[in-house]
Amino acid sequence: MAAKQQTPIYQTAAFATAGCLFGLAMYKAGVYRVDVIRSQFNFSCNIMLKMFLSATGTSTLTIGILHKLGFTKRVSEIENHDRAEKYGGPSVMVGGFCLGAGMALGGACPGMLPIQMAAGNTTTGAITLLGAMAGVIVFTAINEHITPLIECGNFAAADPNKKAVHTMLFNGAKHKKAETPTEIRAADTLRFTTALGLAALYAGMVAAVDYLSPGTGALHLGAGHDAIVAAMWHPALCGVIIGSLQLLLVPLCDKPIGSSGAYSYAMGVLAQPFVACNALNAKFCSALASPGKRGQLVYITASVAFIAALAYTGGEGTSMGALRGRTSLYPYNPADLSPTEAFVGGFLMLFGSRVASGCTSGHGISGAGSLHTKSFIAIVTMFLGGIVTAYVNPQW
């Protein structure tokens, strides 16, 4: 097994700070709730969509700003590494569809599930977590056997820089890697201009959705509905907080926002005492040597600790004081989610995330923010999988 690389203290602190802010935004928007997530896919409540569009737009703008501020080499290395991964278009489509189906069925995604559990959904949340870890195990077990299928249609591997959205839109097949200072400045200007335009487009989409579906839409949040709505922050604001985390993570940690890798690392840690790492299971053990995945685990752990403190101490504000009896923003009845839905949903969302090499954060916020073509494909198929599942299984 490869030796572990030590994570500098400042990077650990950056991951922890980002995790707390991520958790706070998810919590205060209410988007982590099972009913809010599931209701997104039948469009009865569009809180998740508004926050998602806001976060993606802000991420796009912040990464463009990093290019403009002189972080071009570092940001480009991260972006091109992600674009050149072995995962091909069909794999991203299938994985994205499974991820969306799991979200609609289990009412969670990799980044939201730990926050959901920290805020009070410990019963069905634990079942969803078991399903998620089962998804990691199954994917790891069959990964070597399905590699040809995963690598099929990897259109970005040969020239990852060419296959970004902005280079295809403006340069097409004529694009070549910027090498001279003049070419680099021109590329940075193109990147920033594209980011600015897309951020404005995302802002317009958020405004349109908010106009057509204000507040919680047709979804009633149960006991204390009015108090919950009064305490919630606008999802667009929370999306700005999440998207802005790129300004912290990319320069300091060489890692954009992402969550699903934490599950692989956690499973590797748990299995380490029982599994002898060798050539036969190198893929299973490789996560233990990944600073990025360790950072994601710190990120998720910090968000859990922070939200648990807010939920059980009432630290989020006096307006929620009347609801402190169980947990401030989580009066949702877990009985509305069956154990089967929770387990299968958890399995699909993590298995899908691994097949697609990214989750709602990795593809939806970071990948789309970096203008990865495969990430836009993942987003479309994720929503498609969720919508199909919502209409096939209309039980909420």
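Residues numbered from 1 in each chain as written. Predicted model: local features only at pLDDT ≥ 70, side-chain atom pairs only at ≥ 80, totals over all residues. Heavy atoms only, no water.

Our focus in this paragraph is the environment of Ile-37. Assignment of secondary structure puts Ile-37 in helix α2 (residues 34-40). The spatial distance from the C-alpha of Ile-37 to the C-alpha of Leu-105 is 9.5 Å, given a sequence separation of 68 residues. Not counting the four nearest positions on each side in its chain, Ile-37 is found in contact with Val-31, Tyr-32, Met-48, Met-103, Gly-107, Ala-108, Met-112 and Gln-116. (Helix = DSSP H or I, 4+ residues; strand = E, 2+ residues; numbered from the N terminus. Contact = heavy atoms within 4.5 Å.)

Before going further, it helps to spend a moment on the side chain of Thr-58. Locating Thr-58 in the fold gives a position in helix α3 (residues 47-68). The residues contacting Thr-58, other than those within four sequence positions of it, are Gly-239, Val-240, Gly-243 and Ser-244.

Okay, empty space enclosed by the protein next. For the structure on display, the rule yields three cavities of 30 Å³ or more. Counted as a void, the largest cavity has a volume near 90 Å³. With four residues, the top contributor of residues to the lining of the largest cavity is α3. Class assignment for the residues of the lining of the largest cavity results in eight nonpolar, two polar and no charged. Of the voids in this model, the second largest cavity is the one considered here, and its volume is about 50 Å³. Together, Gly-96, Leu-99, Gly-358, Cys-359, Thr-360, His-363, Gly-364, Ala-378, Ile-379 and Met-382 line the second largest cavity. Broken down by secondary-structure element, the contributors of at least two residues to the lining of the second largest cavity are α5 (89-106), α18 (362-369) and α19 (373-392). When residues in the lining of the second largest cavity are grouped by element, the largest group, three residues, is from α19. Across the lining of the second largest cavity, the residue classes tally to five nonpolar, five polar and no charged. (1 Å grid on protein atoms, 1.4 Å probe; cavity = no way out; pocket = protein on both sides within 12 Å on 5 of 7 lines; lining within 4 Å. Points joined across faces, edges and corners; volume = space filled by probe spheres on them. Nonpolar A, V, L, I, M, F, W, Y, C, P; charged D, E, K, R; others polar.)

It is worth spelling out the nonpolar core at this point. Core analysis: the biggest nonpolar cluster contains 66 residues, and Val-31, Ile-242 and Tyr-299 have the highest contact counts within it. In terms of residues, this core owes the most to one element, helix α1 (residues 9-29), which gives nine residues. Excluding residues within four positions of it along the chain, Val-31 makes contact with Met-26, Val-36, Ile-37, Ile-47, Met-48, Met-51 and Met-112. By size, the runner-up hydrophobic cluster in this structure holds eight residues, among which are Val-92, Ile-146, Ile-150 and Val-355. (Core = buried A, V, L, I, M, F, W, Y, C linked by side-chain atoms within 4.5 Å. Buried < 20%, exposed > 50% of the residue type's maximum accessible area, 1.4 Å probe, protein only.)

What follows is about the packing of α3 against helix α12 (residues 235-244). Orientation of α3 relative to α12, taken along the N-to-C sense of each, is 35°, at an axis distance of 7 Å. By crossing handedness, the relation of α3 to α12 is classed as right-handed. In contact with Ile-47, Lys-50, Met-51, Ser-54, Ala-55, Thr-58, Ser-59 and Thr-62 of α3, α12 contributes Pro-235, Ala-236, Cys-238, Gly-239, Val-240, Ile-242, Gly-243 and Ser-244. Residues that form the contact of α3 with α12 fall into these classes: eight nonpolar, seven polar and one charged. (Axes fitted to C-alpha atoms, helices over the stretch in contact; angles between N-to-C directions. Left-handed = near helix turned anticlockwise from the far one by under 90°.)

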